[in-house]
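Architecture at a glance
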Amino acid sequence: SGIDALLRGKSEVPKWVINLRFMATCMLTLTFVVVLTVLAPAAGEHGYYNMLLAGSTLFSHFLCPVVAILTFCFLEAPALGNWKQSFIGFAPTVVYGTVAIICNILRVLEGPYFFLRVLDQPVWASILWVIVIFGINWLMCFGIQKLAQTMRRVYDNIFRTQKLHDCSRVPI
């Protein structure tokens, strides 16, 4: 894993670890944005408190997404590929959404969110939800990728200027 590589003195994290972290960060970011823009407003008067701060949602809907974004983009800032790399972060959402919609159609699952209950809404509404959520998710993946790449360039310039070429010499 990446930690093993760093402990053995290798400065590069394996590509598969970077891709896994990128996917996790994108999924957590989508969770955060959907809660902020869809679920909390739909939950009523105390929706934001209940969906972001009450019980385990403090972690699953607020702290974990924020920490994931901050650590991935500002601390790790991995070198990511071109714009096509953003589809790696987008893939889990497509798989989850497709499976959830099929399970809702087959009546194996109800929800778990109102916008996935395709049998309880017009077809056009389901199509609109898919387009909006998939579109927003891909844009977020692209944005996270660009932010991480920008921070990587900033760090590379700082370390190049200070002639620090080795992770072990970076002051923490």
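Residues numbered from 1 in each chain as written. Predicted model: local features only at pLDDT ≥ 70, side-chain atom pairs only at ≥ 80, totals over all residues. Heavy atoms only, no water.

Some thoughts on the overall build of the chain
Scanning the chain from terminus to terminus reveals six helices and zero strands. From first element to last, N terminus to C terminus, the chain shows the α and β order α-α-α-α-α-α. Taken across its 172 residues, the chain has 33% of its residues classed as buried. In the chain, 63% of the contacts between residues at least 6 apart in sequence involve partners at least 24 apart. Entry remark: accessible area of the chain is about 10,700 Å², with carbon and sulfur atoms responsible for 70%. (Helix = DSSP H or I, 4+ residues; strand = E, 2+ residues; numbered from the N terminus. Buried < 20%, exposed > 50% of the residue type's maximum accessible area, 1.4 Å probe, protein only. Contact = heavy atoms within 4.5 Å. Areas by Shrake-Rupley, 256 points an atom, 1.4 Å probe, with all protein chains shown as cover.)

Things to note about helix α5 (residues 86–105)
Over its 20 residues, α5 runs 29 Å from end to end, which matches the ideal 28 Å to within 8%, given 1.5 Å per residue. For α5, the complete set of buried residues consists of Ser86, Gly89, Phe90, Pro92, Thr93, Gly97, Ala100, Ile101 and Asn104. In the stretch just after α5, Arg107 is the one whose phi turns positive, near 60°. (Expected span 1.5 Å × (residues − 1).)

Remarks on the side chain of Gln149
With respect to the helices and strands, Gln149 occurs in helix α6 (residues 123–161). The buried category is assigned to Gln149, whose relative accessible area is 10%. When sequence neighbours within four positions are dropped, the list of residues in contact with Gln149 reads Leu80 and Gly81.

Description of the packing of helix α2 (residues 15–42) against helix α4 (residues 57–76)
Packing of α2 against α4 leaves a shortest axis separation of 8 Å and a crossing angle of 140°. Put simply, α2 runs oblique to α4. Handedness of the α2/α4 crossing: left-handed. Contact residues: α2 offers Ile18, Arg21, Phe22, Thr25, Leu28, Thr29, Thr31, Phe32 and Val35, while α4 offers Ser60, His61, Phe62, Cys64, Pro65, Val66, Ala68, Ile69, Thr71, Phe72 and Glu76. Grouping the amino acids of the contact of α2 with α4 by side-chain chemistry returns twelve nonpolar, six polar and two charged. (Axes fitted to C-alpha atoms, helices over the stretch in contact; angles between N-to-C directions. Parallel < 35°, antiparallel > 145°, perpendicular 65-115°, else oblique. Left-handed = near helix turned anticlockwise from the far one by under 90°. Nonpolar A, V, L, I, M, F, W, Y, C, P; charged D, E, K, R; others polar.)

Some remarks on the nonpolar core
One finds Val34, Leu39 and Phe115 to be the most contacted residues of the largest nonpolar core, which totals 16 residues. Each residue touching Val34, except ones within four places of it in the same chain, is listed here: Leu39 and Phe115. In terms of nonpolar packing, the next biggest core, distinct from the first, is built from ten residues, Ile18, Phe72, Cys73 and Ile144 among them. (Core = buried A, V, L, I, M, F, W, Y, C linked by side-chain atoms within 4.5 Å.)

A closer look at the pattern of salt bridges
Any two side chains of opposite charge can pair, so long as their charged atoms come close to each other. According to the stated counting rule, one finds three salt bridges in the structure shown. For the salt bridge of Arg21 with Glu76, the shortest nitrogen-to-oxygen distance reads 2.8 Å. One end of the pair, Arg21, is in helix α2; the other, Glu76, is in helix α4, with 55 residues separating them in the sequence. For Glu76, a relative accessible area of 34% gives the class partly exposed. When the shortest N-O distance is used, the salt bridge between Arg152 and Asp156 registers 3.3 Å. A residue pair is termed a helical-turn pair when its members lie 3 or 4 positions apart in one helix, as Arg152 and Asp156 do in helix α6 at four residues. (Salt bridge = Lys/Arg side-chain N within 4 Å of Asp/Glu carboxyl O.)

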